Amino acid sequence: MAVDILTPVSIWKDFELPNYIASIPVSEVVENGVIIKRFFIEGRKTEKGQVKIFSTIVKKQSTEKAPAVIMVKEFEKDSVLAQLIKLAEDGYIACTFDIEGKTDGDRFTLYPEDIDYANYVNAKENLTQLKDSAKETCFYEWASVLKYAIGYLKGIEDVEKIGIIGAGENVTALWQAVAFNDDVSAFVPIYNTGWASYKGHYKFDNEPEIGFPDEKLAFIAGVEPQSYASYVKCPTYSICNNNDIIFESDRAHDTIKRVDNTVKGIFYENKCLHGLSKDSVNTIKIFLDKTLKENGKEINFIEPEIFSKIS
């Protein structure tokens, strides 16, 4: 089957957000001085309908103007509401916008029939397969949702700056959403810095150069984070596990060094095979505070000196 090999520029060059992104309220409650507001926003239109993006915003009643942090939930994991409340208590406007789609219950993003493959439950078994091009993938639809979310927040008067954080498979869509986007001031990709197509082919081995088929080349060029990194302009801070059992960590530096900003770095987590320790969580908080609440100029990531000793 022939596929089109498209670059990030050719995929997203015609993408435009509407001047006004409408919202539809669902509920609003106040708990211990924290407002929890749930609603839908209108996403992109397709031939069969329009994406309805399930959204949650959490903030303290006393918070007026403040930076916003979008936290994207890992697929098939529990709600991030507790983390949003913690961010709100720290003075942020904390948000999550669902990209996973169809799940149990009725609080999820609704994708029209013609892009039913955007529901993670339908996509998870063939995430790296392309039908025609990278524009006909779940990742394109998820990134579109996040671009609409960022555009929606930009239109809220109380929002000063916008940061975005995610972990796991969904981070591939985050890289696409942040690329070409001047409205994002901080980006925290956890675990996932791309190179999924190289799984099993280690950076530091003696294998000959890999010959990928066209379908895989199209996925690398149009979907993988390493292809989008050079179009990311904001401060970027990644958390990676040295011996991650799911994501490639040896090539993480190759992705982060492509980011078009002097404020960029990686925290290599040694205490977990796949997860976050208290130390890495604290460094994320410092990074968000410096970039979103302050001007970020005091952040200096220093290249470590790496050496080995045989004894």
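Residues numbered from 1 in each chain as written. Predicted model: local features only at pLDDT ≥ 70, side-chain atom pairs only at ≥ 80, totals over all residues. Heavy atoms only, no water.

(A) Summary view of the nonpolar core. The biggest cluster of nonpolar side chains holds 59 residues, and the ones touching the most others in it are I70, W142, L153 and W175. The leading source of residues in this core is helix α4 (residues 138–154), at twelve residues. If near-sequence neighbours (up to four positions away) are discounted, W175 is found in contact with F187, P189, N192, T193, P225, Y228, A229, V232, T236, T255, I256 and V259. Ranked by size, the runner-up nonpolar core spans 26 residues in total, among them V80, L84, L288 and L292. (Core = buried A, V, L, I, M, F, W, Y, C linked by side-chain atoms within 4.5 Å. Buried < 20%, exposed > 50% of the residue type's maximum accessible area, 1.4 Å probe, protein only. Helix = DSSP H or I, 4+ residues; strand = E, 2+ residues; numbered from the N terminus. Contact = heavy atoms within 4.5 Å.)

(B) Broad picture of the packing of aromatic side chains. Applying the stated criterion across every chain, the model contains 13 aromatic pairs. Between the aromatic rings of Y120 and W142, the centroid separation amounts to 6.3 Å while the plane-to-plane angle is 45 degrees, which identifies the pairing as tilted. Here the residue Y120 occupies a position in helix α3 (residues 120–123), and W142 occupies one in helix α4, the gap between them amounting to 22 residues. Residue classification places W142 among the buried positions, given a relative accessible area of 0%. Among the aromatic residues, ring-to-ring pairing joins F75, Y120, F139, W142 and F219 into one connected group. (Phe/Tyr/Trp six-rings, centres within 6.5 Å; stacked < 30°, edge-to-face > 60°.)

(C) Seen up close, the pattern of salt bridges. All chains considered together, the criterion is met by 14 salt bridges. For D158, the salt bridge is made with K59, and the minimal N-O distance between the two is 3.3 Å. A residue pair is termed long-range when its members are at least 10 positions apart, and D158 in the loop between α4 and β6 (159–167) and K59 in strand β3 (residues 49–60) qualify at 99 residues. Owing to a relative accessible area of 18%, K59 belongs among the buried residues under this scheme. A salt bridge links K154 to D183; the nearest nitrogen and oxygen atoms lie 3.5 Å apart. (Salt bridge = Lys/Arg side-chain N within 4 Å of Asp/Glu carboxyl O.)

(D) Local environment of the sheet that holds strand β9 (residues 264–269). The sheet built from nine strands is open, its strands ordered β1-β2-β3-β5-β4-β6-β7-β8-β9 with mixed pairing. Where the open sheet ends on each side, the last strands, each with one partner, are β1 (23–31) and β9. Along the sheet, successive strands turn relative to each other by an average axial angle of 20 degrees, direction set aside. Each of β1, β2 (34–46), β3, β4 (66–72), β5 (93–97) and β6 touches α4; the most contacted strand, β2, lies at about 125 degrees to it. Of the strands in this sheet, β4, β6, β7 (186–190), β8 (236–241) and β9 are in contact with helix α9 (residues 278–293), which crosses β7 at around 160 degrees. (Pairing = 2+ DSSP bridges. Axes fitted to C-alpha atoms, helices over the stretch in contact; angles between N-to-C directions.)

(E) Structural context of unusual backbone geometry. Backbone geometry at N32 places phi at a positive 55 degrees, although glycine is not the residue there. Mapping N32 onto the fold places it in the loop between β1 and β2. For N32, a relative accessible area of 84% puts it in the exposed group.

(F) Focus on the side chain of D98. The topology assignment puts D98 in the loop between β5 and α3. For the buried residue D98, which engages in no salt bridge, the nearest side chain bearing the opposite charge is K73, 5.9 Å off. A distance of 3.2 Å separates the side chain of D98 from the backbone nitrogen of E100, its partner in a polar contact. If we skip the residues at most four places from it in the chain, D98 touches I53, F54, F108, T109 and V145. (Lys, Arg positive; Asp, Glu negative; His and termini not counted. Polar contact = N/O pair within 3.5 Å; in protein donor to acceptor, adjacent residues only side chain to side chain.)

(G) How the structure looks around a nonpolar patch on the surface. Taken together, I245, I246 and L273 make up a surface patch of nonpolar side chains, about 300 Å² in accessible area. Looking at the element boundaries, I245 is found in the loop between β8 and α8 (252–256). (Patch = residues over 30% accessible without salt bridge, like charges linked within 9 Å, V, L, I, M, F, W, Y side chains within 5 Å. Areas by Shrake-Rupley, 256 points an atom, 1.4 Å probe, with all protein chains shown as cover.)

(H) Highlighting helix α2 (residues 81–89). Of all the residues in α2, the buried ones are L84, L87 and A88. The arc that holds every buried residue of α2, seen down its axis, measures 100 degrees, which confines them to one face. Tucked inside the fold, the buried residues of α2 contact β2, β3, β4 and β5. Downstream of α2 by a residue or two, G91 has a phi angle that is positive, lying close to 100 degrees. (Arc of directions from axis to C-beta.)

(I) The environment of Y148, seen in detail. Here Y148 lies in helix α4. On the basis of relative accessible area, Y148 is assigned to the buried category, the value being 7%. Once the C-alpha coordinates of Y148 and A252 are considered, the two residues, 104 residues apart in sequence, prove to be 28 Å apart. Setting aside anything within four residues of it in sequence, one finds Y148 in contact with F15, E16, L17, P18, I21, I41, E42, G43, R44 and I53.

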